[in-house]
Amino acid sequence: MLPADPAERRAVLAQLFRFILTGGFVTALGVGVYAIVALGLRWHPQIGNVLGYLVAMGTGYVLHSNWSFRDHGAERDHRTKMRFVIVSLISLALNSFWVWLLTDGFGLKPEWPILPMVFVTPAVTFLLNRQWVFR
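This one's a predicted model, so the numbers in the text were calculated from it and none came from an experiment.

Criteria and thresholds
- Residues numbered from 1 in each chain as written.
- Predicted model: local features only at pLDDT ≥ 70, side-chain atom pairs only at ≥ 80, totals over all residues.
- Heavy atoms only, no water.
- Helix = DSSP H or I, 4+ residues; strand = E, 2+ residues; numbered from the N terminus.
- Rg over C-alpha atoms; globule rule 2.2 N^0.38 Å.
- Buried < 20%, exposed > 50% of the residue type's maximum accessible area, 1.4 Å probe, protein only.
- Contact = heavy atoms within 4.5 Å.
- Areas by Shrake-Rupley, 256 points an atom, 1.4 Å probe, with all protein chains shown as cover.
- Lys, Arg positive; Asp, Glu negative; His and termini not counted.
- Charge placed at Lys NZ, Arg CZ, Asp CG, Glu CD.
- Core = buried A, V, L, I, M, F, W, Y, C linked by side-chain atoms within 4.5 Å.
- pLDDT = per-residue confidence, 0-100.

Engineer: I keep staring at the overall build of the protein and nothing clicks. Help me out?
Structural biologist: Scanning the protein from terminus to terminus reveals five helices and zero strands. When its helices and strands are written in sequence order, the protein yields α-α-α-α-α. For 135 residues, the compact-globule formula gives about 14 Å, and the C-alpha radius of gyration of the protein, at 16 Å, lands near that figure. Dimensions of the protein, computed from the C-alpha atoms along their principal axes, are close to 50 × 30 × 20 Å. Looking at the protein residue by residue over its 135 residues, the buried ones come to 39%. Restricting to contacts in the protein with at least 6 residues of sequence separation, those with at least 24 account for 71%. Surface accessibility of the protein: about 7700 Å² in total, with carbon and sulfur atoms responsible for 70%. Of note, the protein has its 12 positive side-chain charges centred 1 Å away from the centre of its 7 negative side-chain charges.

Below, the structure is given as C-alpha cells:
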C-alpha cells in the first residue's frame, strides 16, 4: 500500500494522519447524530443513519478537500465533487448495510452498528478518496 519512494511515502502518511484527524471528527459527528436519533429519540436506526450521513457529507467535503488531501491531486472541479458524492453514497450504503445487518438481521441493539461505522467505513472511504476522488 505504501509507495517505495520515501518522499511519496511521507506524503501518503501525512494524508493518512490528516484523514484520521478529520475523518475522526466527521465520523464522530455522523455517529453522534445517529446516536441522538436512534438511541436518544428511539427513532428507526436508518433515519439516524441518513441524518448522520447528511451532516457528515457536507462537513467532510469541506474538510477533506481543504485539509486532508490538500496537496494531493489536481484542482478541485465538478468531477471531484461528483466523485466525492459517489464515495459518500458508498459510505451511506455501507453504514446502511451495517445498521440493517446488525439490527434487523441479527436483532442486536442499535449501538452495534457504531463499531463498523467507526472502523470499517472510514478505511474504505480513505482508500476511495485517495485513489479516485482527490487523485
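Engineer: In this structure, what is going on with the nonpolar core? I would like to understand it.
Structural biologist: When a protein is soluble and globular, its nonpolar side chains tend to lie buried together. Counting eight residues, the largest nonpolar core is built from Phe-19, Tyr-61, Phe-69, Phe-84, Val-87, Phe-126, Val-133 and Phe-134. Elements represented by at least two residues in this core include exactly α3 (78-105) and α5 (121-133). In terms of nonpolar packing, the next biggest core, distinct from the first, is built from six residues, Val-31, Val-99, Ile-114 and Met-117 among them.

Engineer: Would you take a moment to explain the confidence of the model for the protein for this structure?
Structural biologist: The predicted coordinates ought not to be read in detail in places where the model reports low pLDDT. In the predicted model, the protein carries a mean pLDDT of 90, and 94% of its residues have values of at least 70. Within the protein, helix α4 (residues 114-119) carries the highest mean pLDDT (96), whereas α5 carries the lowest (89).

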